[in-house]
Amino acid sequence: MTTGIHPALPDPVLAQGLAERPEHSPESPLSIHAMTVAYQRKPVLWDVDYDAPPNKLIAIVGPNGAGKSTLIKACLGLVPRASGLVEFWGQEYKRARSRIGYVPQRESVDWDFPVSALDVVCMGRYRKIGWCRPVSRAHKDAALACLERVGMHEFAKRQISQLSGGQQQRVFLARALAQESDLYVMDEPFAGVDAATERAIVEVLRELKTTGKTVVAVHHDLQTVPEYFDDVILLNMRVVASGPVRDVFTRENLQRTYGGRLTLLSEAAEAMARAASGEMPA
Amino acid sequence: MTFSIPVDLFPLSAAVLASIACALLGNFLVLRRMSLMGDAISHSVLPGLVIAFMIASSRSPLVMFLGAAIAGALTVVLVEVVKRLGRVEPGAAMGVVFSVLFALGVLLIEQSRSSGVDLDASCVLHGQLETLVWWSADAPNSLAGLWSSDTLRAVPRQVWTLLVMAALSLVFVVGFFKEMRIASFDPALATTQGFSAGGMHYALMLFVAGATVAAFEAVGSILVIAMLICPGATARLLTDRLSTQIVWSVAIAIASALLGYFGATMIPGWFDRAPVNAAGTMGVTSGVLLVATIFASPSHGVIARMLRRTAMARTVALEDLLASLYRAREAGEQGVPIDSVPTRVCKRARARGFVERANGSITLTPTGEAEAATLVRRHRLWEHYLVDRAGFAPDHVHAPAEILEHTGLGPETGPETDPHGRIIP
């Protein structure tokens, strides 16, 4: 893959894996090392380094265009990485796949699709079911139980376009629960939901934490960060600060994240994109 | 003219099998909002077919399939390339690629004619269904006569090819139903779960290319395009379940093929005209079925929606009458003058025993009274809710409450009086 960006580290170091590197622990559900991501040759994330502590609720916070969704997608291999390494419990993504649940943004799918809420939740079980095998009664029951946990039991047979936005988000959450993962990666789970759904989601997040899971979620509402989350990643094209909310979620750090100090970096990114695609300089 | 086995059996089987194969795959094209891709592939396999034919100088299905598959894959890749480098929307990219490739195919056919290749541009368009007749003199004329080994030997190659393709499509759609569903609905989740959405996409494209090749010789590309899109789109209007949609689409495809075939061969005969092109008629039939369904579908149809709206309007008119009678009684009036109420609304209210008329005015019956009390209660509870919870000004809440009271939903409990001081019944 030619992206016009040089790997941040020489290959032998990357090939060595992160587990042996002292700053990255194999207990960490998610370790990101020197990750740079570019869309169409334009860098959107620079040299991200991060280790998620196990069994914590972690928010990714940052302004629009900071690369929050991209960070998640690049970790899960949904967008290519220009450089860097990502490991889950010291393993590469392919081997840890079944321990990771993903909740995409609600807008990313077509809600007119002819499936019921239960069908969608069953999709979370597909990996356990395996190729070409039908969804068995037992898996359907497991999916129903997940719908019940988010308070959507009675809507199981509803076609998904007949659900409200908040209900759709809860169906997505139930689908993630159905994956029975150890790490949940969520893209804006609280975006555009009603108060009841917000409470339901928070309850589920806390329940996940008490059962030893880790959650990494893109979050847009700064006010609720200290209430809902343990840890926070402040992101604006690179990691401005990360760690426990009480240490990191400070006025000063937020100003550094939202204050536009990185304009030069984003201008440089634009210039690189133009140069790489052969366009005239502005 | 009626059904005759020597003349009609094989053309009809070819048409039905081609329609089934295309309809099965087309469901997913429609759902992924990429119907034009079916169009693109079915056109742009033409140069692939001609080139394969020129190189191998054989019309064996395997060679043809290979040529078409390569052309189909090339189409998918070219569309991506044009979209990225040309900075145009996907529809434009597909349009450019398939029209240019199709034109190239037509040119190649022209060129190859001198070198003795018997491919014909018009047969690519509407096929050669009519040439599939059972030529043998001892062809049976009754269904009973079909039960012999001669029948199997007489089946034309095109029908065999289509049978294989329809069977493969069925295996693909049934076997990978779950995987196609997740890859179509949520490609990102499919990929993270290890069902590569990209892989499923290319598999679908490969099958569409395969169905196109299998069908083109017998039924032509017109029918392929119609059958890829119309049955799936029609079936989508009839159900909200993917599995049911697929079953419906196959039924609609078979119906289009049968109706189209007999429409083409028989109806012109009634008016002393020569039969018209069968594949074309089938394509038109599938379009007519789609339009009919748009109007007549019980759940999503225009007519059904109109009826539901009318029913709702009637309910609203009836409920408004009951509420106004209730308010009149509250104000101490004995009923309202009958001339002030539309006759039809009044009739319906009387038919349901809600009101009675007495000397020129109408009043609530005890049943009507109870019904009206529920409505007024709901209205006033809404008014209270809007002021108390939603921060509306008290003089702004009547109109929204007037709409909300007809939804059947409302706050369960509230105070004794509404924001205007009237008692909540």
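Residues numbered from 1 in each chain as written. Chains lettered and ligands numbered in written order. Predicted model: local features only at pLDDT ≥ 70, side-chain atom pairs only at ≥ 80, totals over all residues. Heavy atoms only, no water.

### Quick word on the overall build of chain A
Move 1: Assigned secondary structure in chain A consists of 12 helices and nine strands.
Move 2: Of all 282 residues assigned to chain A, the portion counted as buried reaches 55%.
Move 3: Looking at chain A alone, contacts between residues at least 24 apart form 68% of all its contacts between residues at least 6 apart.
Move 4: Accessible area for chain A stands at about 12900 Å²; split by element, carbon and sulfur atoms hold 50% of it. (Helix = DSSP H or I, 4+ residues; strand = E, 2+ residues; numbered from the N terminus. Buried < 20%, exposed > 50% of the residue type's maximum accessible area, 1.4 Å probe, protein only. Contact = heavy atoms within 4.5 Å. Areas by Shrake-Rupley, 256 points an atom, 1.4 Å probe, with all protein chains shown as cover.)

### Notes on the overall build of chain B
Move 1: Across its full length, chain B holds 17 helices and three strands.
Move 2: Taking 22 Å as the expected radius of gyration for a compact globule of 425 residues, we find that chain B reaches 32 Å, considerably beyond that expectation.
Move 3: For chain B, the spread of C-alpha atoms along the three principal axes comes to 100 × 55 × 35 Å.
Move 4: Counting every position in chain B, which comprises 425 residues, the buried fraction comes to 47%.
Move 5: The long-range share in chain B, meaning contacts at least 24 apart out of those at least 6 apart in sequence, stands at 70%.
Move 6: In the structure as shown, chain B presents an accessible area of about 20400 Å², 66% of it carried by carbon and sulfur atoms.
Move 7: For chain B, the centre of its 31 positive side-chain charges and the centre of its 31 negative side-chain charges are spaced 1 Å apart. (Rg over C-alpha atoms; globule rule 2.2 N^0.38 Å. Lys, Arg positive; Asp, Glu negative; His and termini not counted. Charge placed at Lys NZ, Arg CZ, Asp CG, Glu CD.)

### Focus on helix H15 (residues 343–351) of chain B
Residues and elements named next belong to chain B.
Move 1: Listed as buried for H15 are Val345, Cys346 and Ala349. The arc that holds the buried residues of H15, viewed along the axis, is 100°, so those residues lie on one side. Opposite the buried face of H15, at more than 90 degrees from it, the exposed residues are Thr343, Arg344, Lys347 and Ala351.
Move 2: Contact partners of the buried residues in H15: helix H14 (302–330), strand S2 (355–358) and strand S3 (361–364).
Move 3: Among the residues trailing H15, glycine 353 stands out with phi positive, at a value near 75°. (Arc of directions from axis to C-beta.)

### Considering the domain arrangement of chain B
Move 1: Looking at chain B, the domain boundaries give domain 1 (5–139 + 154–297) and domain 2 (305–404).
Move 2: Here the C-alpha centroids of domain 1 of chain B and domain 2 of chain B sit 57 Å apart. (Domains from an automatic or database assignment.)

### Section: unusual backbone geometry
Move 1: In this model, aspartate 47 of chain A sits at a positive phi of 45°, which is unusual for a non-glycine residue.
Move 2: Its place among the elements puts aspartate 47 of chain A in strand S2 (residues 42–52).

### Description of the sheet that holds strand S4 (residues 83–87) of chain A
Residues and elements named next belong to chain A.
Move 1: With antiparallel pairing, three strands are arranged side by side in an open sheet as S2-S1-S4. This sheet does not close on itself; its edge strands, each paired only once, are S2 and S4. Strand-to-strand, the axes of this sheet are offset by a mean angle of 20°, without reference to chain direction.
Move 2: Both strand S1 (residues 30–39) and S4 contribute to a ladder of four bridges, which runs antiparallel. Following the sheet pairing, histidine 33 is matched in S4 by leucine 85.
Move 3: Against the sheet, helix H2 (residues 68–75) touches S1, S2 and S4, its axis set at about 115° to S1. (Pairing = 2+ DSSP bridges. Axes fitted to C-alpha atoms, helices over the stretch in contact; angles between N-to-C directions.)

### With respect to the confidence of the model for chain B
Move 1: Mean pLDDT over chain B stands at 87; residues scoring 70 or higher make up 98%.
Move 2: Of the two predicted TM-score estimates for the complex, the pTM is 0.85 and the ipTM is 0.86. (pLDDT = per-residue confidence, 0-100.)

### Comments concerning the interface of chain B and chain A
Move 1: Between chain B and chain A, the contact holds 25 residues from the first and 32 residues from the second.
Move 2: Summing the contributions of chain B and of chain A, the shared interface buries around 2700 Å²; its carbon and sulfur component is 60%.
Move 3: Counting every contact that joins chain B to chain A gives four salt bridges.
Move 4: One can count 15 residue pairs in polar contact (both at pLDDT 80 or more) joining chain B with chain A.
Move 5: Within the residue set of the side of chain B that touches chain A, elements represented by two or more residues are helix H8 (177–185), helix H9 (187–192), helix H10 (197–236) and helix H11 (242–265) of chain B.
Move 6: Ranked by residues supplied to the side of chain B that touches chain A, first place goes to H8 of chain B with six residues.
Move 7: Considering only residue class, the side of chain B that touches chain A consists of nine nonpolar, seven polar and nine charged. (Buried area = accessible area lost by both parts, 1.4 Å probe. Salt bridge = Lys/Arg side-chain N within 4 Å of Asp/Glu carboxyl O. Polar contact = N/O pair within 3.5 Å; in protein donor to acceptor, adjacent residues only side chain to side chain. Nonpolar A, V, L, I, M, F, W, Y, C, P; charged D, E, K, R; others polar.)

### What to know about the packing of aromatic side chains
Move 1: Applying the stated criterion across every chain, the model contains 12 aromatic pairs over all chains.
Move 2: Arranged with centres 6.5 Å apart and planes meeting at 85°, the rings of tyrosine 126 of chain A and phenylalanine 195 of chain B form a pair that is edge-to-face. With tyrosine 126 of chain A in helix H5 (residues 126–129) and phenylalanine 195 of chain B in the loop between H9 and H10, this residue pair bridges two chains.
Move 3: A residue is classified by how much of its surface remains accessible, and tyrosine 126 of chain A, at 1% relative accessible area, is buried.
Move 4: Overall, the relative accessible area of 3% leaves phenylalanine 195 of chain B in the buried class. (Phe/Tyr/Trp six-rings, centres within 6.5 Å; stacked < 30°, edge-to-face > 60°.)

### A look at the nonpolar core
Move 1: Formed by 139 residues in total, the largest nonpolar core has its most connected members in Leu147, Met186, Val232 and Leu234 of chain A together with Leu204 of chain B.
Move 2: Those residues within four positions of valine 232 of chain A in sequence are excluded, and the remaining contacts are Ile58, Ala59, Val61, Val225, Ala241, Ser242, Gly243, Val245, Val248 and Phe249 of chain A.
Move 3: Listed in part, the 31 residues of the second largest apolar core include Leu45, Ile58, Leu71 and Val239 of chain A. (Core = buried A, V, L, I, M, F, W, Y, C linked by side-chain atoms within 4.5 Å.)

### What to know about the pattern of salt bridges
In a structure, side chains of opposite charge can pair up when their charged atoms sit close to one another.
Residues and elements named next belong to chain B.
Move 1: Scanning the entire structure with this criterion turns up 18 salt bridges over all chains.
Move 2: Note that arginine 422 is salt-bridged to aspartate 418, the shortest N-O span being 3.8 Å.
Move 3: On the basis of relative accessible area, arginine 422 is assigned to the partly exposed category, the value being 38%.
Move 4: Judged by its relative accessible area of 4%, aspartate 418 falls in the buried class.
Move 5: Salt bridges here are not isolated pairs; linked through shared partners, they connect Glu330, Arg380, Asp418 and Arg422.

### Thoughts on the confidence of the model for chain A
Detailed reading of the predicted coordinates is not advisable wherever pLDDT falls low.
Move 1: Here chain A averages 86 in pLDDT, and 88% of its residues register 70 or above.
Move 2: Considering only residues more than four positions removed or in separate chains, one finds that residues 1–9 of chain A, a stretch of pLDDT under 50, has 13 contacts.

### Side note on the packing of helix H3 (residues 61–86) of chain B against H10 of chain B
Describing two packed helices takes the angle between their axes plus the distance from one axis to the other.
Residue and element names in this part refer to chain B.
Move 1: As a packed pair, H3 and H10 sit with axes 9 Å apart at the nearest point and diverge in direction by 135°. For the element pair H3 / H10, the angle class is oblique. For H3 against H10, the interelement crossing comes out right-handed. Together, Met64, Phe65, Ala68, Ala69, Gly72 and Val76 of H3 and His201, Tyr202, Met205, Leu206, Ala209, Gly210 and Val213 of H10 make up the contact between the two elements.
Move 2: For the contact of H3 with H10, the residue count by class is 10 nonpolar, three polar and no charged. (Parallel < 35°, antiparallel > 145°, perpendicular 65-115°, else oblique. Left-handed = near helix turned anticlockwise from the far one by under 90°.)

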